[in-house]
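So you can see what is in the structure, the chains are spelled out below.
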Amino acid sequence: RLFSLTDETESDERADLFERLSIELYLIDRVDPAIEARRQSLEIRQRLDQLEKAGDGLRWLSRLHWAAGQRRDAETRADEAIAALEPLPPGRALAMAMSNKSQLHMLAWDEAPAIAWGNRALALAEQLGDVEIMVHALTNIGSAMALIDFDSALETIQRALAIAHERGLDEHMARCYGNMATSAVMFRQYAVAERWFEEGLAFSQSLDLDLYSVYMMGFRS
C-alpha cells in the first residue's frame, strides 16, 4: 500500500481523509497514487455499507483511470457507479455519475450519447439546485457540441466558465479553459485557441492545477 493511517479503525473520517488526499494528488497530476488512495477509501465505504458514498467512489475511480490513460477501466467504473446509484433516491452522486458518463463519451468524440447523458445530468442537477454539477454537465455538452456547431459549443462552455468563476470553482474553470482551447485546436481555430491557452495556462499554473496545465501545454505545442 502506498498510504496508511496509524489508526486502523474503519471510520467515515478515515475514508474522508483518503478521498481528500486522492483529489489533491489528482490535481497535481500524481494519478497513480490518487487511484490507490481512492481505492482504499472505497473499500472502507463498502465495508461500512455506505452505498451512495461507495457509488461516488466508483465514479471518482472512473475519472482517475481516464486521467491515467486507462480508458477501459474508466468506462467500467463509470457503468458500475451508475448501476450502484440508480436504485437509490436520486441525488448528487447520481447526477455526477451521469455527467461523468457524458464526459467519457465527449472525450471519445462520441457526441450523441455525450449530449444525452449531459442533459440527464443537467436536469437532475437543476432539480437538486447543484451549481457545480450544472457547470460540469454544461462543459461536457458544450465540448461535445463542437463537432456540430463550434460557435454554439464555445458559447455553452463560456457560460459554464462564467458560472464557475462566479462561484469560485477553480478546477472547473481550468477544465473550461482547457476544453475551449483544445477544441479550438482540433477545429483549426488557432487564434481562438491561443486566447484560451494564454488565459487557461496563467490561471491553472497560478493554482498548481498541474493536471490541466500539462494537458494544455501539450496541445499548445
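These figures come from a predicted structure and were not determined experimentally.

S.K.: In this structure, what is going on with the nonpolar core? I would like to understand it.
M.R.: Note on soluble globular proteins: their nonpolar side chains tend to be buried together. If you look at the biggest cluster of nonpolar residues, it comprises 59 residues, and the most contacted ones within it are Tyr26, Val135, Leu161, Tyr177, Met180, Trp196 and Tyr212. At eight residues, the largest contribution of residues to this core is made by helix H8 (residues 150-167). Tyr212 has contacts with Tyr26, Leu27, Arg63, Glu171, Ala174, Arg175 and Ser204, leaving out every residue within four places of it along the chain.

S.K.: Before we go on, may I ask you to explain the pattern of salt bridges in this structure?
M.R.: Note on pairing: side chains with opposite charge can pair once their charged atoms come close. Considering all chains together, one arrives at 14 salt bridges under this definition. Between Arg45 and Asp12 there is a salt bridge, with the nearest N and O atoms lying 2.5 Å from each other. Taken together, the residues span a long stretch of sequence, with Arg45 in helix H2 (residues 31-47) and Asp12 in helix H1 (residues 12-27) at a distance of 33 residues. Here Lys101 makes a salt bridge to Asp79, at a shortest N to O gap of 2.6 Å. Separated by 22 residues along the polypeptide, Lys101 in helix H5 (residues 92-107) and Asp79 in helix H4 (residues 71-85) bring together distant segments of the chain. Each of Asp12, Glu19, Arg38, Arg45 and Lys53 takes part in a single network of salt bridges with overlapping partners.

S.K.: Which parts of the structure should I look at to understand the environment of Ser62?
M.R.: Within the secondary structure, Ser62 sits in helix H3 (residues 51-67). Using a relative accessible area of 0% as the deciding quantity, one classes Ser62 as buried. For the pair Ser62 and Ile163, spaced 101 residues apart in sequence, the C-alpha separation works out to 25 Å. If near-sequence neighbours (up to four positions away) are discounted, Ser62 is found in contact with Ala74, Arg77, Ala78, Asn100 and Leu104.

S.K.: So what exactly am I meant to see when it comes to the environment of Leu25 here?
M.R.: Structurally, Leu25 is set in helix H1. Residue class for Leu25 comes out buried when judged on its relative accessible area of 5%. Placed 63 residues apart in sequence, Leu25 and Leu88 show a C-alpha to C-alpha distance of 30 Å.

S.K.: I keep staring at the side chain of Arg63 and nothing clicks. Help me out?
M.R.: Checked against the element boundaries, Arg63 lands in helix H3. Although Arg63 is buried, it makes no salt bridge; Glu171 carries the closest opposite charge, 5.5 Å away. Apart from residues no more than four positions distant in its own chain, Arg63 is found in contact with Tyr26, Asn100, Gln103, Leu107, Leu211 and Tyr212.

Rules used in this analysis
- Residues numbered from 1 in each chain as written.
- Predicted model: local features only at pLDDT ≥ 70, side-chain atom pairs only at ≥ 80, totals over all residues.
- Heavy atoms only, no water.
- Core = buried A, V, L, I, M, F, W, Y, C linked by side-chain atoms within 4.5 Å.
- Buried < 20%, exposed > 50% of the residue type's maximum accessible area, 1.4 Å probe, protein only.
- Helix = DSSP H or I, 4+ residues; strand = E, 2+ residues; numbered from the N terminus.
- Contact = heavy atoms within 4.5 Å.
- Salt bridge = Lys/Arg side-chain N within 4 Å of Asp/Glu carboxyl O.
- Lys, Arg positive; Asp, Glu negative; His and termini not counted.

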